[in-house]
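# Structural characterization, general
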Amino acid sequence: MSHHAPAKAFASQADLTDKKITFEQLSPHCWAYTAEGDPNSGVIIGDRFIMVSDATATPAMARDLIARIRTVSDKPIKYVLLTHYHAVRVLGAYAYADEGATEIIASQGTLDLIAERGAQDMKSEMERFPRLFRGADTVPGLTWPTMVVGGGDPTKCEVPGKLSINLGGVVVDIWHPGPGHTRGDTIAWVAAEKVLFSGDLVEYEAGVYTGDAQLAEWPATLEALRALGAEAIVPGRGEAMKGAANVNKALDYTKRWVESLFQAGKEAAAAGMDLKAAMAHTRKLMDPVFGHVFIYEHCLPFDVSRAYDEASGIKHPRIWTAERDKEMWAALQG
């Protein structure tokens, strides 16, 4: 008699339990809003203005973050930084308009990706994360930046553009350190307080989603971040890390995931495996190290798909649609 493991619920559809939210101060002006492996946001509170790094998935979720901010400051939340284009990061942006937001900041790479695939991504992510998109009817549509940090594509002889914003008593530097989680990743760095807001370029003890990644370049981008010498980091998912040793732990964790995954993808492609075999091959390497972490089973099939594609020479990630998501899931997790 054969025993079949039950099919795994698609992406995060079975994950309906609310996470415990932590809002903590990391330095005189920098705060972390973290939620047990859910997407994090960062907050920088100046004497005149506030900046939020990553806007949350919906205006309804953003209102929780705004309520936390209002317990410590009544200044206008003037700036919203999109670290990249993914829907769970950007669609809450409209909620900040009522709080004084006039500027939404993104890199040129992120703007290009919103134009190319933002609509498909929005539909795809809403199906993947029903809990995060409760109240999705409050989302008026795609989020478009008002300030774009240009440059940064070395293949076009560009140097990364950099934006420095004075919030009053604290300056935030915003730039694209290189491709990784996407080709438009953008960070906020408060040099005076050595606090880094990395978006999904860095995770800790949570799944590293690489479905739209540039895996070959990502490790070098992590080393560029390491060179900053941060003493605190707000990763995309996982707890805020305090102290240089812990910052390095988060960088190492992410690097190990990315390198293990891409190595397995290259081996699978070289051996002519199909995607299902590539998944099994990747699991041998990754399950023992990462199998316990939050959203591992959600991320892995998307990650294996991308690693296999990139190893096969597909440099520009294929667009995830709600339909492609479901087909891939049935093939790999069904």
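Residues numbered from 1 in each chain as written. Predicted model: local features only at pLDDT ≥ 70, side-chain atom pairs only at ≥ 80, totals over all residues. Heavy atoms only, no water.

### Here's the deal with the packing of helix H4 (residues 218–226) against helix H5 (residues 244–270)
Relative to each other, H4 and H5 sit at 175 degrees, their axes nearing to 10 Å. Considered as vectors, H4 and H5 are oriented roughly antiparallel to each other. Taking contact as the criterion, the partners of Trp218, Pro219, Leu222, Glu223, Leu225 and Arg226 in H4 are, on H5, Asn248, Leu251, Asp252, Thr254, Lys255, Val258 and Glu259. Each residue belonging to the contact of H4 with H5 can be placed in one class, and the counts come to 6 nonpolar, 2 polar and 5 charged. (Axes fitted to C-alpha atoms, helices over the stretch in contact; angles between N-to-C directions. Helix = DSSP H or I, 4+ residues; strand = E, 2+ residues; numbered from the N terminus. Parallel < 35°, antiparallel > 145°, perpendicular 65-115°, else oblique. Contact = heavy atoms within 4.5 Å. Nonpolar A, V, L, I, M, F, W, Y, C, P; charged D, E, K, R; others polar.)

### Regarding the pairing of strand E11 (residues 195–199)
Here E11 lies mainly inside the structure; 5 of its 5 residues are buried. The two faces of E11 match: Val195, Phe197 and Gly199 on one face and Leu196 and Ser198 on the other face are all buried. Inspection of the sheet shows strand E10 (residues 187–190) paired to E11 by 3 bridges, in the antiparallel sense. Residue Ala188 lies in a different strand from E11, and its bridge partner there is Phe197. In textbook terms, the turn of a hairpin is the stretch between consecutive antiparallel strands, and for E10 and E11 this stretch comprises 4 residues, one of which, Lys194, has a positive phi near 55 degrees. In terms of strand pairing, E11 meets strand E12 (residues 232–235) through 4 bridges, oriented parallel. Paired with Leu196 across the bridge in E12 is Ile233. After leaving E11, the chain enters H4 and then returns to the sheet as E12, a path that is right-handed. (Buried < 20%, exposed > 50% of the residue type's maximum accessible area, 1.4 Å probe, protein only. Pairing = 2+ DSSP bridges. Right-handed = clockwise from strand over helix to strand, strands pointing away.)

### Remarks on unusual backbone geometry
The residue Lys194 is not glycine, and still its phi comes out positive at about 55 degrees. Take Lys194: it is sitting in the loop between E10 and E11. Judged by relative accessible area, which is 31%, Lys194 ranks as partly exposed. The backbone phi angle of Ile295 is positive, close to 55 degrees, even though this residue is not glycine. The topology assignment puts Ile295 in the loop between helix H6 (275–290) and helix H7 (296–311).

### Some details on the nonpolar core
Val202, Leu215, Trp218 and Trp257 are the most contacted members of the largest nonpolar core, which has 44 residues in total. Going through the elements one at a time, E10, H4, H5, H6, H7 and helix H8 (322–333) are the ones with two or more residues in this core. Broken down by element, this core gets its largest block of residues, 9 residues, from H5. Once you skip the residues sitting within four places of it in the chain, Trp257 turns out to touch Ala206, Gly207, Val208, Thr210, Met286, Phe290, Val293, Tyr296, Cys299 and Asp303. Core analysis: the second largest hydrophobic core is formed by 34 residues, Ile66, Ala101, Ile104 and Met122 among them. (Core = buried A, V, L, I, M, F, W, Y, C linked by side-chain atoms within 4.5 Å.)

### Digging into the environment of Leu300
Its place among the elements puts Leu300 in helix H7. In this structure the C-alpha to C-alpha distance between Leu300 and Gln333, which are 33 residues apart in sequence, comes to 9.5 Å. The residues contacting Leu300, other than those within four sequence positions of it, are Met279, Thr282, Arg283, Met286 and Asp287.

### Re the sheet that holds E10
Read from one edge to the other, the open sheet built from 6 strands follows the order E8-E9-E10-E11-E12-E13, with strand pairing classed as mixed. Each having just a single partner strand, strand E8 (162–166) and strand E13 (241–242) make up the two edges of the open sheet. In the sheet, strand E9 (residues 171–175) pairs with E10 via 3 bridges, with the strands oriented antiparallel. Paired with Ile174 across the bridge in E10 is Ala188.

### Structural notes on the pattern of salt bridges
Under the definition given, this model contains 22 salt bridges. Across the pair Asp212 and Arg117 runs a salt bridge, and its minimum N-O distance is 3.5 Å. Separated by 95 residues along the polypeptide, Asp212 in the loop between E11 and H4 and Arg117 in helix H3 (residues 108–128) bring together distant segments of the chain. On the accessibility criterion, Arg117 (2% relative accessible area) is buried. We note a salt bridge from Glu323 to Lys123, for which the minimum N-O separation is 3.8 Å. Note that Glu323 is positioned in helix H8 and Lys123 in helix H3, a separation of 200 residues in sequence. The network of salt bridges with shared partners includes Glu217, Arg306, Glu310 and Lys315. (Salt bridge = Lys/Arg side-chain N within 4 Å of Asp/Glu carboxyl O.)

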